[in-house]
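Commentary on secondary and tertiary structure
Chain by chain, the residues:
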Amino acid sequence: MSYFPTIDKIQFEGPKSSNPLAFRHYNPEEVVLGKTMKEHMRFSVAYWHTFTQDGSDPFGKAVNQRDWLTDDEMETAKNRVEAAFEFFEKLGVDYFCFHDMDVAPYGDSLETFFKNLDEIVELIKEKMDQTGIKLLWNTADRHSNPIYVHGAASSSNADVFAVSAAQVKKGIDISQKLNGKNFVFWGGREGYENLINTDMKLEEENIARLYHMAIDYSNEIGHEELTFLLEPKPKEPMKHQYDFDAATSMAFLQKYDLTDRFKLNLEANHATLAGHTFEHEMNVARNYDALGSLDANQGDTLLGWDTDEFPTDLYSVTLAMYEVLENGGIEPGGINFDAKVRRTSFEMDDLFIAHIAGMDTFARGLKAAARLKEDGFFDQLKDERYASYKNGIGADILSEKVDLKSLTDYALGLEKIDNKSSHIEFIKAQLNDYIY
Ligand code: XLS
Ligand code: CA
Ligand code: CA
């Protein structure tokens, strides 16, 4: 049976097309800077937003029309697999991501959950083999079950730590079975509300202990090529989340000796919640050689929460794609649409329309970023701005030939300091010419 009978494979129709079910900019085989768009992007669909969330919010019930829903949870889960693979194929996306809880019902116990997962993962594997669609990453949802009320690996209750570890083990087994290359840890409940009753040091150490166990287990079962990805987010659901942003997450990974196997999965909306831009977070990660994968979406700057909207902000996407190009690509990560349709976009077709809008925006962003790179726009700006480090005292500072005494002698001999204007307004106006 087809869940999207009126929709054929989405085609590239070019910028003049007014068909909402066609690409206007994303042309998968078009070559940009030596690689096809498809190879640059490695687009992925997020199971939770596209097949599981129902459009409800704290003020209203489910609104999404989803033809795979039935009264039986296992039947619904199986239908979802059918719908998902039909969707991936018609959209022309090669990757998908999921939490354990997205794909199979929990049932009445952890044991039932694992049994349900085994059955559904088998189905997913069949579909992957038939279609060639691959798993970008999977993860263990250690936040929605009420047992995680005090945290998961950071819980004050050691039994909860154990259940969370069991979910991670299962997740790594699933990753191996489905040939996943990345496994995400997003610490949804790893944080605190009150320091009064929180042992932050113990909680962080316990999280690190779990991550080391995950590395050890992946090695033990021969899945050592798996990259673990830590996903920063500053708040929501917790008031203080331990993995606040890229820099905080890197300090944690370094402190606990995890950098060999861990990189970062960066999300645009989490960046803005942390008071940063997406490109800032990516740049920080690149400076640590830790840019792992991207969750593509956008927040609403007028709202202070994680709205997970489909990315249509071309300015931000261009600067993000520039970071991807500078990184030499994003493989084995990808660009995962961790984005949900707005509550008002409740029809089945909206799932396609929204992804197409996101993919088209990234295609335009890629092209603009390629133009910026080809012209050396940023390189030139930075070259000029930091020119004082090319020779003389600047070169001596970089090669560490100087010390405080020799610098003092130099400084005392200076007649005047010659700072130059950045003309940043002109630069921004020029940048607009590349983007729009
Ligand atoms: C929630 C996170 C989550 C992770 C995976 O805000 O974005 O969905 O990406 O657990
Ligand atoms: Ca995310
Ligand atoms: Ca989010």
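Residues numbered from 1 in each chain as written. Chains lettered and ligands numbered in written order. Predicted model: local features only at pLDDT ≥ 70, side-chain atom pairs only at ≥ 80, totals over all residues. Heavy atoms only, no water.

Tetrahedral coordination by four donors places them ideally at 109.5 degrees to one another around the metal; octahedral coordination by six donors ideally gives 90 or 180 degrees. Every protein donor of the calcium ion (ligand 2) is listed here as E231 (OE), E231 (OE), E267 (OE), D295 (OD) and D338 (OD), and their distances to the metal cover 2.2 to 3.2 Å. Positions of the donor residues of the calcium ion (ligand 2), expressed as sequence spacing, correspond to E-x35-E-x27-D-x42-D. A gap of 4.6 Å separates the calcium ion (ligand 2) and the calcium ion (ligand 3), which E267 links by coordinating each metal. Highlighted residues: E231 in strand β10 (residues 227-231) and D295 in strand β13 (residues 291-296), separated in sequence by 64 residues. By relative accessible area, which is 0% here, D295 ends up buried. (Donors = N, O, S within 2.8 Å, 3.2 Å for Na, K, Ca; no water. Helix = DSSP H or I, 4+ residues; strand = E, 2+ residues; numbered from the N terminus. Buried < 20%, exposed > 50% of the residue type's maximum accessible area, 1.4 Å probe, protein only.)

Here the focus is the pairing of β10. Burial within β10 is extensive, with five of its five residues counted as buried. Both strand β8 (residues 182-186) and β10 contribute to a ladder of five bridges, which runs parallel. Pairing of W186 across the sheet is with E231, part of β10. Across three bridges, the pairing between β10 and strand β12 (residues 262-267) is parallel. By the bridge assignment for β12, L229 is matched with K263. (Pairing = 2+ DSSP bridges.)

What follows concerns the packing of helix α3 (residues 73-91) against helix α5 (residues 110-131). Viewed as axis vectors pointing N to C, α3 and α5 meet at an angle of 20°, and their least axial separation amounts to 10 Å. Looking at the two axes, α3 sits roughly parallel to α5. In this structure, α3 crosses over α5, and the sense of that crossing is right-handed. Residues M74, A77, K78, V81, E82, F85 and E89 of α3 touch α5, and the partners they reach there are N116, E119, I120, L123, I124, K127, M128 and T131. Each residue belonging to the contact of α3 with α5 can be placed in one class, and the counts come to eight nonpolar, two polar and five charged. (Axes fitted to C-alpha atoms, helices over the stretch in contact; angles between N-to-C directions. Parallel < 35°, antiparallel > 145°, perpendicular 65-115°, else oblique. Left-handed = near helix turned anticlockwise from the far one by under 90°. Contact = heavy atoms within 4.5 Å. Nonpolar A, V, L, I, M, F, W, Y, C, P; charged D, E, K, R; others polar.)

Here we take up the packing of aromatic side chains. According to the stated counting rule, one finds 36 aromatic pairs in the structure shown. Judged by centre distance (5.9 Å) and plane angle (20°), the ring pair of F185 and F262 falls under stacked. With F185 in strand β8 and F262 in strand β12, this pair connects stretches of sequence that are 77 residues apart. Note on accessibility: F185 and F262 belong to one class, buried. When the ring of Y211 is compared with that of F262, the centres are 5.1 Å apart and the planes differ by 35°; the resulting orientation is tilted. Of this pair, Y211 sits in helix α7 (residues 200-220) while F262 sits in strand β12; the two residues are 51 residues apart in sequence, bridging distant segments of the chain. Considered together, Y211 and F262 belong to a single accessibility category, that of buried residues. (Phe/Tyr/Trp six-rings, centres within 6.5 Å; stacked < 30°, edge-to-face > 60°.)

Moving on to the nonpolar core. Counting residues in hydrophobic clusters, the biggest one holds 117 residues, and the most contacted among them are L91, F96 and F185. The biggest single contributor to this core is helix α12 (residues 349-374), with eleven residues. Residues contacting F185, with those up to four places away along its chain left out, are T139, R142, V168, L210, Y211, A214, F228, L229, L230, E231 and F262. (Core = buried A, V, L, I, M, F, W, Y, C linked by side-chain atoms within 4.5 Å.)

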